[in-house]
Amino acid sequence: MKKTLSRREYIILGSLLFGLFFGAGNLIFPIHLGQLAAGNWAPATIGFLLTAILLPLLSILAISLTRSNSAYDLARPAGKGFALFFLIMIHATLGILVASPRTATTTFAIGIQPFLPKAWDQMGLLIFSFLFFGISLLLSWNQSKITDYVGKLLNPILLALLAFIFFMAFIIKGDIRQISLFPTGSGAGSNLINGFLQGYNTMDALAGLGFGVTIITALKFFGMNETGARSKAVAKVGAISMGLEAIIYIFLIALGASSLSYLKLSADGGSAFSGIMAHYTGMAGIAILGAVTFLACITSCIGMMAALSEDWGHRFPKLGYHFFLTMSSIGAFIIANFGLDQIITYSTPLLSFIYPLAMSLIFLGLLHPFIGKNTFIYKTTIILTFIPAFLDAIHTLPPFFANMGFFKAINAGAGNIIPLFNQGLDFFPFMLIGILGSWAITKLFNLQPSASLEKK
């Protein structure tokens, strides 16, 4: 039984996890954030890194500290029903409803759509998304080969192409000189908050919880079966992956900020990136960007499909891995054909609901050395966090629903009563009250964690 990994194996697994994380949103949101922040790109970057890097890393550490095999194990102290609900919600959001469809639509919008006549958009998306999810299905079919396909082959090519883009922008063209490292004018605080909220859109904190099972499966294929050693390895692999991703985010945000010297503010990160690449290398740059987008998105899609199928297959063994892999591929294909704009519009309320619950579980997992798997603390915190999570979902509803009298009244009332509601940070006080208040009660009344849970 293996107790540790070699440096090469850590690099391969770090590359695997980076490839799983770095998908559609990881390319387009930092670029657009840089453009929006302009001279205040540095505070925006700090905010973005908090939710797009630190939070995913903490989610991986929470999995490691609690020695969980999946998001279900992490949520289990809050009750079997909630744990199953959370597991389904996490993977449905990542693998079917939002993130996986977005990988196909983003690749199409950046790499294919610019070369098609407008009238072919819908049919082009249909054909492309069918091929995209077909490739993802084939590369995900054999679980033991995912590390080879993503960690050893596809992700190194992606990193080489990204390095070429940054080299052209910052070394050859010297556009890094166009921006200041220090905030310019007012708005540093608002840009930091905006960066923090934009980091949600990468969905990496959710992905960190979802991909835990994929990394643990990969470690088992490397011969690491002892739980304690495997947990430490998960933390190290996470640190390698997120460190690399942080460096790339900084460059992408800086690239977006510097692009304002030759581009107008774009409507989204995809069109901004296309304009940037056209500026540097013409149509060849568009082709390179298409390749980068495809590689980033296909590796991320493989990871989300595999994680969903492994977790759900474990919970429902009669159906198994390959059944869920096939069904999730079909579901993501259908959702993708509603288009990128529709996916982003309707995903916001879902993310606003699931993120506070995920963050609560992450912080509870990080506090494991102090609170263990105390069911009272977990249940109290989740119940209290559920309130702002539900209200945040209402606050971010699309205009058609948001303008309905019922939702409008709830939104207005919450804005007047609940601190930080309008900033989207209202769950923090509820989460802290839940954790600290329930912890104080357990100390006062000597409430102990469930013995059966502590053995797990």
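By the naming in an unreviewed UniProt entry, the chain goes by Branched-chain amino acid transport system carrier protein and is assigned to Secundilactobacillus pentosiphilus. Quoted verbatim from the Subcellular location (unreviewed entry) heading of the UniProt record, the comment on the chain is "Cell membrane". Annotation of the chain in UniProt includes, under Function (unreviewed entry), the sentence "Component of the transport system for branched-chain amino acids."

Undergrad: I tried to follow helix α14 (residues 340-366) on my own but got confused; where do I start?
TA: Residue pairs three or four apart in sequence face the same way in an α-helix, which turns once every 3.6 residues. For α14, the principal kink sits at Ser347 and spans about 35 degrees; a proline, Pro349, occurs within the next four residues. Counting buried positions along α14 gives 20 out of 27 residues, so the element sits mostly inside the fold.

Undergrad: What exactly am I supposed to notice about the pattern of salt bridges here?
TA: Between side chains of opposite charge, a pair can form when the charged atoms approach closely. Summed over all chains, the structure comprises two salt bridges. Taking the shortest distance from any N to any O, the salt bridge between Asp148 and Lys152 comes out at 3.1 Å. With a gap of four residues between them, Asp148 and Lys152 both fall in helix α8 (residues 146-172), about one helical turn apart. Residue classification places Asp148 among the partly exposed positions, given a relative accessible area of 25%.

Undergrad: Can you help me understand unusual backbone geometry in this one?
TA: Outside of glycine, negative phi angles account for most residues, and trans bonds account for most peptide bonds. One non-glycine residue, Arg67, lies in positive phi territory at about 55 degrees. Examined against the element boundaries, Arg67 turns out to sit in the loop between α3 (41-65) and α4 (71-75). With phi around 65 degrees, Leu420 is a residue other than glycine that occupies positive phi space. The residue Leu420 is located in the loop between α18 (405-417) and α19 (427-445) in this model. Assessed through its relative accessible area of 40%, Leu420 is described here as partly exposed.

Undergrad: Quick question: what am I supposed to make of the domain arrangement of the chain here?
TA: The figure often quoted for interface size is the accessible area lost as the parts come together. When the domains of the chain are assigned, the result is domain 1 (7-337) and domain 2 (339-455). The straight-line distance from the C-alpha centre of domain 1 to that of domain 2 is 24 Å. Taken together, the 39 residues of domain 1 in the interface contact 28 residues of domain 2. On the surface where domain 1 and domain 2 come into contact, there are zero salt bridges. Taken together, the connections running from domain 1 to domain 2 amount to two residue pairs in polar contact (both at pLDDT 80 or more).

Undergrad: What is the right way to read the packing of helix α5 (residues 80-97) against helix α10 (residues 204-221) from this model?
TA: Axes are the key here: two packed helices are described by the angle between their axes and the distance separating the axes. One can describe the packing of α5 onto α10 by two numbers: an axis separation of 10 Å at closest approach and a directional angle of 115 degrees. One way to sum up the angle between α5 and α10 is to call them roughly perpendicular. Crossing angle aside, the handedness with which α5 passes α10 is left-handed. Residues Phe86, Ile90, His91, Thr93 and Leu94 of α5 form the contact with α10, whose participating residues are Leu206, Ala207, Leu209 and Gly210.

Undergrad: It is not clear to me how the side chain of Thr51 should be interpreted in this structure. Could you clarify?
TA: Counting through the fold element by element, Thr51 comes out in helix α3. Among the residues examined, Thr51 registers a relative accessible area of 1% and is labelled buried. Contacts of Thr51, omitting those with residues within four sequence positions, involve Pro56, Gly195, Phe196, Gly199 and Tyr200.

Undergrad: What is the right way to look at the packing of aromatic side chains in this model?
TA: The relation between two aromatic rings is expressed through the spacing of the ring centres and the mutual angle of the planes. What the rule picks out here adds up to 21 aromatic pairs. Ring plane angle 85 degrees and centroid distance 5.4 Å describe the contact between Phe132 and Phe133, whose orientation is recorded as edge-to-face. Relative accessible area serves as the criterion here: at 3%, Phe133 is assigned to the buried category. A connected cluster of aromatic rings, assembled from ring pairs, spans Phe108, Phe128, Phe132, Phe133 and Phe294.

Undergrad: Just to check I follow, could you spell out a nonpolar patch on the surface for this structure?
TA: On the surface, Ile88, Phe316, Leu319, Phe323, Met327, Ile330, Ile334 and Phe338 cluster together into a nonpolar patch covering about 730 Å² of accessible area. Counting residues per element, the nonpolar patch draws most heavily on helix α13 (residues 320-336), at four residues. Mapping Ile88 onto the fold places it in helix α5.

Calculation notes
- Within every chain, residues take consecutive numbers counted from 1 along the sequence as written.
- In keeping with the model being predicted, local features are shown solely for residues with a pLDDT of at least 70 and side-chain atom pairs are shown and tallied solely at 80 or more, while totals for entire chains, interfaces and linings include all residues.
- Values shown for side chains rest on all heavy atoms present in the structure; no hydrogens or waters enter the calculation.
- UniProt positions are given in the numbering used here, feature names are shortened, and annotations may be inferred rather than shown by experiment.
- Here the bend at each residue means the angle between axes fitted to two seven-residue stretches, the one ending at that residue and the one beginning there.
- Starting at the N terminus, helices and strands are each numbered in turn, a helix being any DSSP run of H or I of at least four residues and a strand any DSSP run of E of at least two.
- When a residue's accessible area, from a 1.4 Å probe over protein chains only, is under 20% of the maximum for its type it is buried; when over 50% it is exposed; and in between it is partly exposed.
- A carboxyl oxygen of Asp or Glu within 4 Å of a side-chain nitrogen of Lys or Arg is what we treat as a salt bridge.
- An automatic or database domain assignment supplies the start and end points of every domain.
- Contact between two residues is taken to exist if any of their heavy atoms lie within 4.5 Å; hydrogens are not considered.
- As used in this structure description, the phrase polar contact means that two N or O atoms lie within 3.5 Å; if the pair is within protein, one of them must be able to donate a hydrogen and the other to accept it, and residues adjacent in sequence are counted only when both atoms belong to side chains.
- For helices, the fitted line uses only the C-alpha atoms of the stretch in contact; every axis is such a line through C-alpha atoms, and the angle between N-to-C directions lies from 0 to 180 degrees.
- Each angle is binned into one of four classes, with values under 35 degrees roughly parallel, values over 145 roughly antiparallel, values of 65 to 115 roughly perpendicular, and all other values oblique.
- In a left-handed crossing the near helix is turned counterclockwise from the far helix by less than a right angle, and in a right-handed crossing that turn is clockwise.
- Geometry of aromatic contacts follows a simple scheme: Phe, Tyr and Trp rings, the Trp one being its six-membered ring, pair when their centres are within 6.5 Å, and the pair is stacked under 30 degrees between planes, edge-to-face over 60, tilted otherwise.
- By definition, no residue in a patch forms a salt bridge, and every one has over 30% relative accessible area; like charges are joined within 9 Å, nonpolar side chains (Val, Leu, Ile, Met, Phe, Trp, Tyr) within 5 Å.
- Here the accessible surface of atoms and residues is derived via Shrake-Rupley with a 1.4 Å probe, and residues count as covered only by protein chains that are part of the display.

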